[in-house]
Protein chains: 2
Amino acid sequence: MCNTVAVTRARWTTETTPLPPHALEWLSRRVGLGEPLPEVPLTAPPSALSADAFEALEAVSFVSVEDSDRLGRSGGLSYLDLLRHRGYGTPAVPDAVVQPASPAEVLEVLQVCVEHDIAVVPFGGGTSVVGGVEALRGSKSAVVALDLAGLGSLVSVDPVSRVAVLQAGITGPEAEKLLGKHGFTLGHVPQSFERATIGGFAATRSAGQASSGYGRFEDMVESVRVATPVGEWVVGGAPASAAGPDLKQLVLGSEGLFGVITEVSVRVRPEPRAPRYEGFVVDGWEAGVELVRTLAQNGALADVTRLSDVDETEVALELAGSRAAAVKKYLRFRRIAQPCLVVLGWECRSRSATMSALSGLKTVRLGRAMGAAWVHGRFNGPRQRDALLDAGVCVETLETATHWSKVSELRDEVRKALTAELGNPVVMCHVSHAYETGASLYFTVLVPRDLDDPVKQWERAKIAASDVISRLGTITHHHAVGRDHQPWLENEIGSIGVDVLRAVKSQLDPTGILNPGKLL
Amino acid sequence: MCNTVAVTRARWTTETTPLPPHALEWLSRRVGLGEPLPEVPLTAPPSALSADAFEALEAVSFVSVEDSDRLGRSGGLSYLDLLRHRGYGTPAVPDAVVQPASPAEVLEVLQVCVEHDIAVVPFGGGTSVVGGVEALRGSKSAVVALDLAGLGSLVSVDPVSRVAVLQAGITGPEAEKLLGKHGFTLGHVPQSFERATIGGFAATRSAGQASSGYGRFEDMVESVRVATPVGEWVVGGAPASAAGPDLKQLVLGSEGLFGVITEVSVRVRPEPRAPRYEGFVVDGWEAGVELVRTLAQNGALADVTRLSDVDETEVALELAGSRAAAVKKYLRFRRIAQPCLVVLGWECRSRSATMSALSGLKTVRLGRAMGAAWVHGRFNGPRQRDALLDAGVCVETLETATHWSKVSELRDEVRKALTAELGNPVVMCHVSHAYETGASLYFTVLVPRDLDDPVKQWERAKIAASDVISRLGTITHHHAVGRDHQPWLENEIGSIGVDVLRAVKSQLDPTGILNPGKLL
């Protein structure tokens, strides 16, 4: 019954970072610029929410049917989402935005939605790049975006056990600020950090840029509080348990289909005293993979461990501006034919362990300036996409993970598939999350935008690359399934896996109100 | 159709290690000896398997209805199991033992069992201490033990990714031997190591004595191949994924209720070059907990990290025989009032990191002899239980895990509960698995056996202790649920969690043939 929360956040927008002149010059030379594609103002269709449903929702929580609020929760941040805001395609706009102020209110909202047969799309930071927050109504008469911005509290901190309970609507920076007052950090810094939320991290199995040190988000989670249509469920608790299957792992990655995550209990760590980031260069992709694998298999990973291939390194050096020429000259002097950039960052792990493991491998140290440059630009990727669209460039990313023995084959095959489909794209690749048995691969694709049908252009490329990815690795290492990866899920988990997810869904959400059209 | 496998293993037995005279003397003084309770020969009831079912099973796999084979798979190794072999209670004896020779044969056996409505109890090493392999038939007309001893191959090794595929029937020592030929180790060494199997480790979320270094068994698993009544399911694969919930975690810990694990793909590591184990002593339990927590929260745990409380340390020193007097004298000289033994062992982790983290803490080093003594006796616990029963002593263990802030309260409360229920037991406790946020606690209880009703004596104690454990921690950290922990499962995972498990069970095993009466 708390109607005091205002809908203030999560307006559909990106904070565009303009491209510097030398970047535009490089783009024009290497990719080719296309015709600018400006944003067009969107209009919201009339809300389909019935007066009864509106009243019932308003009796338990804050509700808005304002066009601006609804449009602000009409999708995520994929290239296809961006195109929808530029006149290609139509975003799915929710019929209302509901913003509960407590876990109890979330439960009440779900009850109302069950009674009125309304679809519910949980909405955190709205940073999904796989269509995970599209306001689809499925078979329901209406759909509401369930905005979790009202769940913004740090519930508790146990400094001895180093466990904190955070509400789901807290963003990355807010979490760090709240925990920082107690001397702790979560250490979870994905590229979406600035806007994405704790609930979203949990619902999508997010992985941060320092995952080699802090682990993936699911590695940090001790327990999860979930509002489901059949009641509240607190799952997990002890640091480890053999009390049957780990049901917490069923909620993590459930993308809002099983319930709405309202609170997450997480392991925290002391704030790093002297974080340090450095740049290195190795000669060639294979040498870089060997380096990261050596660190991973010797327990010597830096917290941040990133390896860029030759193409990504070229771009990184081009965009480094005035420093680039000197670095390139130095690399020629050191006879590095195929420079691949390695960024290592230490926050809680031991630098000396890493450096000792590196001692047998040929590396060129570029020092802390290159590390600082990476830190400076670590969140720029998403912001620059708008600028690239403005310049007529199609830009999107793909990601996966596979075992070490397949890392290079997977990279080669994805590049081939994208080139076959897109003509002459620039395909950059990096490893950003390393494990003992394998690593993630993250691709960034740049190509002049098809002027007739930019949507089809990307969809074709996505299918070709995803077929390769699905054959050689996981369809997604940290972007989740959403809508965009659905066609490949069954190949990954089997038809039995799909049936199991359906069975759990039916148990927890018998009328199917939760996030229809996603994951399954 | 392979009937060549003979039923040779897993005869119900323990290799008893006799107690040395000084141990008996200590027992007599500190616990009190009771009347010896010899084993009595068991007789198997007639097999209830129909001729049709026998024929159908024999058409697809090796089947035995011999009494000795059936009796050999009539339970596990809990104290209550031991009592059943000594005239108190009756073991549940399977109507047949089926021993398939391949994953495909396991699938065929399950099909026959579905058709003939026969319950199936997967049987590995038979080391369950929670009733997990009791041959219960539930509502079925007959029950077979599905012995996995025929699945004994190392399927593949990927030395670059350090991933090996092991069949489910391989025991701990066999796994080490097979992997050792490739220079690798699994590093999974629970107390049941000598008999327990890969499939059992996976089905029960086992944790080994070096879990602080190698992780729990589920941490090692990349994927699992499972035979279910609805078909074969391979779940998991990539080193990490965000493709929906982690369904592999639903199979791990499923205790044979969802399917029969036939193969497990695991992360392996190079065999340790120079493993080293050392003994230390700290003054008092709290100082010991502080020490282990410091190591865990600074990334400085040894692979083996064990802390014994004062009572367990006293027993360890008593049983150390001739060395004990000198050690005790040395500890008095060092003014250690409340000696608590700490055993640290390094196999793959860095000893210098541990020692550096220890530098600010007061410890007395006992050196490598004490480490070697621990290694020497690391599997003795289960074997000595028979000798203790012979001496009229009730001996059983309890285990849990909780957050650091509750570790000491939980220990105190369990001791109180056991003392209230058992009179004047010796209750020993140790931490053997440490995490950043908490630790396991393992209790060993010794008390003279109640001559009238030893079963009730232990059941009462178990209930009292488990109520405390369930309130302050997980009902089981690494023994699994089986039959014995069922009453506390719902408190841990909620009624919603129980319903979710039931929904998954119905999906994968619609007729309910798999391991009835366990877990749920």
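Everything here concerns the structure above.
All of the points below concern the structure found in this document. (Residues numbered from 1 in each chain as written. Chains lettered and ligands numbered in written order. Predicted model: local features only at pLDDT ≥ 70, side-chain atom pairs only at ≥ 80, totals over all residues. Heavy atoms only, no water.)

**A closer look at the overall build of chain A**
- Along chain A, the regular secondary structure elements total 19 helices and 18 strands.
- Relative to the compact-globule value of 24 Å for 520 residues, chain A shows a C-alpha radius of gyration of 23 Å, a close match.
- With the C-alpha coordinates aligned to their principal axes, the bounding extent of chain A is approximately 75 × 60 × 45 Å.
- Counting across all 520 residues of chain A, residues that qualify as buried make up 62%.
- Put simply, chain A shows about 18,200 Å² of open surface, and 51% of that area lies on carbon and sulfur atoms.
- Within chain A, the 60 negative side-chain charges are centred at a point lying 9 Å from the centre of the 51 positive side-chain charges. (Helix = DSSP H or I, 4+ residues; strand = E, 2+ residues; numbered from the N terminus. Rg over C-alpha atoms; globule rule 2.2 N^0.38 Å. Buried < 20%, exposed > 50% of the residue type's maximum accessible area, 1.4 Å probe, protein only. Areas by Shrake-Rupley, 256 points an atom, 1.4 Å probe, with all protein chains shown as cover. Lys, Arg positive; Asp, Glu negative; His and termini not counted. Charge placed at Lys NZ, Arg CZ, Asp CG, Glu CD.)

**Comments concerning helix α2 (residues 51-60) of chain B**
Residues and elements named next belong to chain B.
- Of all the residues in α2, the buried ones are Ala53, Leu57 and Val60. Across the axial projection of α2, the buried residues extend over an arc of 65 degrees, all falling on one side. In α2, the exposed residues that point more than 90 degrees away from the buried face are Ala51, Asp52 and Glu55.
- Looking at the packing, one finds that the buried side of α2 touches β1 (62-64), β2 (96-99), α5 (103-115), β3 (118-123) and β4 (142-147). (Arc of directions from axis to C-beta. Contact = heavy atoms within 4.5 Å.)

**Considerations on the sheet that holds strand β18 (residues 438-448) of chain B**
Residues and elements named next belong to chain B.
- Overall, antiparallel pairing links the seven strands, which are arranged β15-β12-β14-β13-β17-β18-β16 in an open sheet. Edge positions in the open sheet fall to β15 (364-367) and β16 (393-403), since each of these has one partner strand only. Neighbour-to-neighbour, the strand axes of the sheet open up by a mean angle of 20 degrees, direction not taken into account.
- For strand β17 (residues 426-431) and β18, the ladder comprises five bridges, and the chain directions are antiparallel. Residue pairing across strands places His430 opposite Tyr442, the latter belonging to β18.
- Helix-sheet contacts for helix α16 (residues 380-390) involve β16 and β18, and the interaxial angle to β16 is about 140 degrees. (Pairing = 2+ DSSP bridges. Axes fitted to C-alpha atoms, helices over the stretch in contact; angles between N-to-C directions.)

**Describing the pairing of strand β8 (residues 221-228) of chain A**
Residues and elements named next belong to chain A.
- With seven of eight residues buried, β8 is to be regarded as a mostly interior element.
- With six bridges connecting them, β8 and strand β10 (residues 260-267) associate as antiparallel partners. From the neighbouring strand, Ser223 faces β10, where its bridge partner is Ser265.
- When β8 meets strand β9 (residues 231-236), the two strands line up antiparallel, connected through six bridges. Residue Thr228 lies in a different strand from β9, and its bridge partner there is Gly231.
- Counted between consecutive antiparallel strands, the loop separating β8 from β9 contains two residues.

**Side note on the packing of aromatic side chains**
All names here are of chain A.
- Here the structure, examined in full by the defined rule, presents nine aromatic pairs over all chains.
- Ring geometry for Phe193 and Phe379: centres 5.5 Å apart, planes at 15 degrees, overall stacked. With Phe193 in the loop between β7 (184-185) and α7 (198-204) and Phe379 in the loop between α15 (368-377) and α16 (380-390), this pair connects stretches of sequence that are 186 residues apart.
- The buried category is assigned to Phe193, whose relative accessible area is 11%.
- Over the face of the ring belonging to Trp285 we find Arg411, whose NZ or CZ atom lies 4.7 Å from the ring centre. (Phe/Tyr/Trp six-rings, centres within 6.5 Å; stacked < 30°, edge-to-face > 60°. Lys NZ or Arg CZ within 6 Å of the ring centre and 35° of its normal.)

**As for the side chain of Thr476 of chain A**
- In this structure, Thr476 of chain A sits in the loop between α18 (454-472) and α19 (486-508).
- Judged by its relative accessible area of 0%, Thr476 of chain A falls in the buried class.
- A polar side-chain atom of Thr476 of chain A sits 3.0 Å from the main-chain amide nitrogen of Ala480 of chain A.
- In contact with Thr476 of chain A, not counting residues within four places along its chain, are Glu399, Val481 and His485 of chain A together with Ser241, Ala242 and Ala243 of chain B. (Polar contact = N/O pair within 3.5 Å; in protein donor to acceptor, adjacent residues only side chain to side chain.)

**Looking at the relation of the copies chain A and chain B**
- Turning chain A through 180 degrees and shifting it by 0.0 Å along the axis lays it on chain B, with an RMSD of 0.0 Å. In short, the pair behaves as if placed about a two-fold rotation axis.
- Mapped onto chain B, 100% of the interface residues of chain A again fall at the interface, so both copies present the same surface. (Least-squares fit on C-alpha atoms with pLDDT ≥ 70 in both.)

**Here we look at the interface of chain A and chain B**
- Tallying the contact residues gives 68 residues for chain A and 68 residues for chain B.
- Here chain A meets chain B over a buried area of about 5,000 Å², counting both sides, of which 63% is carbon and sulfur.
- Among the residues chain A hides against chain B, the three largest losses belong to Ala242, Pro245 and Ile496 of chain A. Together they make up 12% of the total.
- Between Glu436 of chain A and Arg269 of chain B there is a salt bridge whose closest N-O contact spans 2.7 Å.
- Inspection of the chain A/chain B interface yields 36 residue pairs in polar contact (both at pLDDT 80 or more). (Buried area = accessible area lost by both parts, 1.4 Å probe. Salt bridge = Lys/Arg side-chain N within 4 Å of Asp/Glu carboxyl O.)

**Concerning the nonpolar core**
- In this structure, Phe217 and Leu446 of chain A together with Phe217 and Leu446 of chain B are the most contacted members of the largest nonpolar core, which totals 241 residues.
- Apart from the residues within four sequence positions on either side, Leu446 of chain B is in contact with Trp26, Leu27, Val31, Leu388, Val393, Cys394, Val395, Pro425, Val426 and Met428 of chain B. (Core = buried A, V, L, I, M, F, W, Y, C linked by side-chain atoms within 4.5 Å.)

**A short note on the sheet that holds strand β15 (residues 364-367) of chain A**
All names here are of chain A.
- One open sheet accounts for seven strands, arranged β15-β12-β14-β13-β17-β18-β16; its pairing is antiparallel. The two strands at the open ends of the sheet, each matched to only one other strand, are β15 and β16 (393-403). Pairs of neighbouring strands in the sheet enclose a mean axial angle of 20 degrees, with direction left out of account.
- With three bridges joining them, strand β12 (residues 276-283) and β15 adopt antiparallel strand pairing. When the sheet's bridge partners are listed, Val281 is paired in β15 with Val364.
- In this fold helix α14 (residues 351-358) packs onto β12, β14 (339-346) and β15, with an angle of close to 150 degrees to the strand it touches most, β14.

**Quick notes on unusual backbone geometry**
- A positive phi angle, close to 55 degrees, is found at Arg205 of chain A, a residue other than glycine.
- Along the chain, Arg205 of chain A falls in the loop between α7 and α8 (211-214).
- Here Arg162 of chain B, not a glycine, exhibits a phi torsion of approximately 60 degrees, which is positive.
- Locating Arg162 of chain B in the fold gives a position in the loop between β5 (154-158) and β6 (163-167).
- Owing to a relative accessible area of 15%, Arg162 of chain B belongs among the buried residues under this scheme.

**Structural notes on the pattern of salt bridges**
Residue and element names in this part refer to chain A.
- Under the defined criterion, the tally for this structure stands at 66 salt bridges over all chains.
- Here Arg86 makes a salt bridge to Asp386, at a shortest N to O gap of 3.0 Å. Of this pair, Arg86 sits in the loop between α4 (79-84) and β2 (96-99) while Asp386 is found in helix α16, placing the two residues 300 residues apart along the sequence. Taken individually, Arg86 and Asp386 each receive the classification buried, so the pair is uniform in this respect.
- Each of Arg30, Asp309, Asp311, Glu314, Arg411, Asp412 and Arg415 takes part in a single network of salt bridges with overlapping partners.

**Description of helix α1 (residues 21-30) of chain B**
Residue and element names in this part refer to chain B.
- Within α1 the residues assigned to the buried category are Ala23, Trp26 and Leu27. One face of α1 carries all of its buried residues, which in axial projection span an arc of 100 degrees.
- Where α1 is buried, its residues contact α12 (310-319), α16, β16, β17 and β18.

**With respect to the packing of α19 of chain A against helix α19 (residues 486-508) of chain B**
- Their axes nearest at 9 Å, the elements α19 of chain A and α19 of chain B cross at an angle of 140 degrees. When the interaxial angle is binned, α19 of chain A and α19 of chain B end up oblique. When the axes of α19 of chain A and α19 of chain B are compared, the crossing they make is right-handed. For the pair α19 of chain A and α19 of chain B, the contacting residues are Ile496, Asp499, Val500, Ala503, Val504, Gln507 and Leu508 of chain A in the first and Ile496, Asp499, Val500, Ala503, Val504, Gln507 and Leu508 of chain B in the second.
- Residues of the contact of α19 of chain A with α19 of chain B, tallied by class, amount to ten nonpolar, two polar and two charged. (Parallel < 35°, antiparallel > 145°, perpendicular 65-115°, else oblique. Left-handed = near helix turned anticlockwise from the far one by under 90°. Nonpolar A, V, L, I, M, F, W, Y, C, P; charged D, E, K, R; others polar.)

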